[in-house]
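Spelled out from the first residue to the last, the chains are:
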Amino acid sequence: MKKINGNKGNFKLAVMVIVAVGLLTGCAYTTKDLNEQSVLAINWVQTSAEYRAISYQTYNLARLNLDNFLATYAGSKPVAVIADVDETITDNSVYQAWLVGQDFGYSSKTWGPWIAANLAEAVPGAVEFFNYAKAKGVETFYVTNIKMDFAEGAKKKLKALGLPFVDEKHLLFRINTSDKQPRRDIVAKDYEIALLLGDNLNDFLSVFRKKPVAERSAEVDKIKDEWGRKFIVFPNPQYGDWEGAIYKGNWGASAAEKDKMRKDHLERWDYAP
Ligand SMILES: [Mg+2]
């Protein structure tokens, strides 16, 4: 009997230890867990032919709008287009895929080596469009939030991909603010801007910056005729200001908090099978 009781006692103790260790470690929701949620979005960019089709479609639309603009433009300023770089011209999904399985998110500490590795591919249709614009006498200004630290790597990449106007004048990197409006204003002083191209609403107007989810949508609705005309938007299901809006700007929230905020934003079917 004593022996049986002793075994029971050991068993209870073992269960308590397992539960305690589980609560302290195993149950904590980590950044690695959070990164798992990106798998399908990255799959979509990397494997779906639909992504390629949408990219071509978007650049075809840009070309059509540029042609229309040039057919009626009678101003004296030279014509330019303003383009974002990441996920508009370059596809960085290989970096995003690398984060899957890691217990950390995006940071400039790893973005630098990624840029230096020079592995990003061009978004389908990008190289052809910007060279088409050049052939029509239209200059491209690259307004990007890539930091100056990575300027050389970014220049090298754009040149290697065959993009035009990759020089000091036409590359406007992030210096003191992620707000792109001051850089757009610099271009607008001397050029007539025919189109803006980007994957993030910050690539078009500053009115969307740091706004919550519903307000971002309301601002988009207010100018619905601009989309697909002057404002050419590319799909990016992997990251963007839309994600920050879900976190109410709190990018420093824990993985568990981010997971909760993401799930709190799901509109769910209320159905019991
Ligand atoms: Mg971008």
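Below you will find a few notes about this structure. Since the model is a prediction, treat every value here as computed from it, not as a measurement.

On to the overall build of the protein. Within the protein one finds 12 helices and 7 strands. Against the compact-globule benchmark of 19 Å for 273 residues, the protein has a radius of gyration of 24 Å, which places it well outside the compact range. Summarising its shape, the C-alpha atoms of the protein cover approximately 100 × 45 × 35 Å along the three principal directions. Looking at the protein as a whole, 40% of its 273 residues are labelled buried. Contacts in the protein between residues far apart in sequence, at least 24 positions, make up 75% of those at least 6 positions apart. Here the protein displays about 15,800 Å² of accessible surface, and carbon together with sulfur accounts for 57% of that area. Computed over 36 positive and 34 negative side-chain charges, the inter-centroid distance for the protein is 6 Å.

Turning next to the coordination of the magnesium ion. Looking at the metal site, the magnesium ion is ligated by Asp84 (OD), Asp86 (O) and Asp199 (OD), spaced 2.0 to 2.2 Å from it. Motif for the magnesium ion, donor spacing along one chain: D-x1-D-x112-D. Of this pair, Asp86 sits in the loop between strand 1 (79-83) and strand 2 (90-91) while Asp199 sits in the loop between strand 6 (192-198) and helix 10 (213-222); the two residues are 113 residues apart in sequence, bridging distant segments of the chain. Summarising the burial analysis for this pair, Asp86 and Asp199 share the class buried.

Bringing unusual backbone geometry into the picture now. The phi dihedral of Lys210 is positive, around 55°, even though this residue is not glycine. Relative to the assigned elements, Lys210 resides in the loop between strand 6 and helix 10.

Considered as a void within the structure, the second largest pocket measures approximately 210 Å³ in volume. Looking at the second largest pocket, it is lined by 18 residues, and the ones nearest its centre are Arg52, Asp91, Ala122, Val123 and Pro124. Counting only elements with at least two residues in the lining of the second largest pocket, the list comes to helix 3 (39-47), helix 4 (49-72), strand 3 (121-122) and helix 7 (126-135). Broken down by element, the lining of the second largest pocket gets its largest block of residues, 4 residues, from helix 4. Here the lining of the second largest pocket is composed, by residue class, of 9 nonpolar, 5 polar and 4 charged.

Right, let's get into the sheet that holds strand 1. The strand order across the open sheet formed by 5 strands is 5-4-1-6-7, and the pairing between neighbours is parallel. The open sheet has two edge strands, strand 5 (171-174) and strand 7 (231-233), and neither has a second partner. Here the strands of the sheet are splayed against their neighbours by 20° on average, with no regard to which way each runs. As paired elements, strand 6 and strand 7 share 3 bridges and run parallel to each other. If you follow Gly198 over to strand 7, its bridge partner there is Val233.

With that out of the way, let us pick up the packing of aromatic side chains. Taken as a whole and judged by the stated rule, the model has 20 aromatic pairs. With a centroid separation of 4.9 Å and an interplanar angle of 85°, the aromatic rings of Tyr95 and Trp111 are classed as edge-to-face. On the criterion of sequence distance, the pair formed by Tyr95 in helix 5 (residues 93-99) and Trp111 in helix 6 (residues 108-117) is long-range, its members being 16 residues apart. By the burial criterion, Tyr95 is buried, and Trp111 matches it. On the basis of an interplanar angle of 45° and a centroid distance of 6.1 Å, the ring pair of Phe208 and Trp227 is categorised as tilted.

The subject of this paragraph is helix 12 (residues 255-264). Within helix 12 the residues assigned to the buried category are Ala255, Lys258, Asp259 and Met261. Take helix 12 and look down its axis: the buried residues cluster within an arc of 165°, on one side only. Pointing more than 90 degrees away from the buried face of helix 12 are the exposed residues Lys260 and Asp264. Buried residues along helix 12 sit against helix 2 (31-36) and helix 11 (241-246).

Conventions used here
- The residue numbers shown here count from 1 along each chain, following its written sequence.
- In keeping with the model being predicted, local features are shown solely for residues with a pLDDT of at least 70 and side-chain atom pairs are shown and tallied solely at 80 or more, while totals for entire chains, interfaces and linings include all residues.
- Think of the side-chain values as coming from all heavy atoms in the structure, minus any hydrogens and water.
- Helical segments are the DSSP runs of H or I of at least four residues, strand segments are the runs of E of at least two, and each set is numbered from the N terminus.
- Throughout, radius of gyration means the C-alpha value; the globule benchmark is 2.2 Å times the number of residues raised to the power 0.38.
- Type-normalised accessible area, obtained with a 1.4 Å probe on protein chains alone, sets the label of each residue: buried when under 20%, exposed when over 50%, and partly exposed for intermediate values.
- In what follows, a contact means two residues having at least one pair of non-hydrogen atoms within 4.5 Å.
- Only the protein chains shown count as cover for residues, and the accessible areas themselves come from Shrake-Rupley with a 1.4 Å probe.
- Neither His nor the chain termini are counted; the positive set is Lys and Arg, and the negative set is Asp and Glu.
- Lysine's charge is taken at NZ, arginine's at CZ, aspartate's at CG and glutamate's at CD.
- Sites may look incomplete, because water is not among the atoms used; the donor set itself consists of N, O and S atoms within 2.8 Å of the metal (3.2 Å for Na, K and Ca).
- Put simply, the grid is 1 Å and covers the protein atoms alone, a cavity is a trapped set of points that fit a 1.4 Å probe, a pocket is an open set with protein on both sides within 12 Å along at least five of seven lines, and lining residues have an atom within 4 Å of a point.
- Grid points are joined across faces, edges and corners, and a volume is the space filled by probe spheres set on the points.
- The classification used treats Ala, Val, Leu, Ile, Met, Phe, Trp, Tyr, Cys and Pro as nonpolar, Asp, Glu, Lys and Arg as charged, and all other residues, Gly among them, as polar.
- DSSP calls a pair of strands paired once it identifies at least 2 bridges connecting them.
- Angles here are taken between N-to-C directions and fall from 0 to 180 degrees, while the axes themselves are lines fitted to C-alpha atoms, restricted in helices to the stretch in contact.
- Only rings of Phe, Tyr and Trp enter the pairing, Trp through its six-membered ring, and a pair is recorded when the two centres are within 6.5 Å. The plane angle decides the type: under 30 degrees is stacked, over 60 is edge-to-face, the rest tilted.
- Note that the arc is computed from the directions linking the helix axis to the C-beta atoms.

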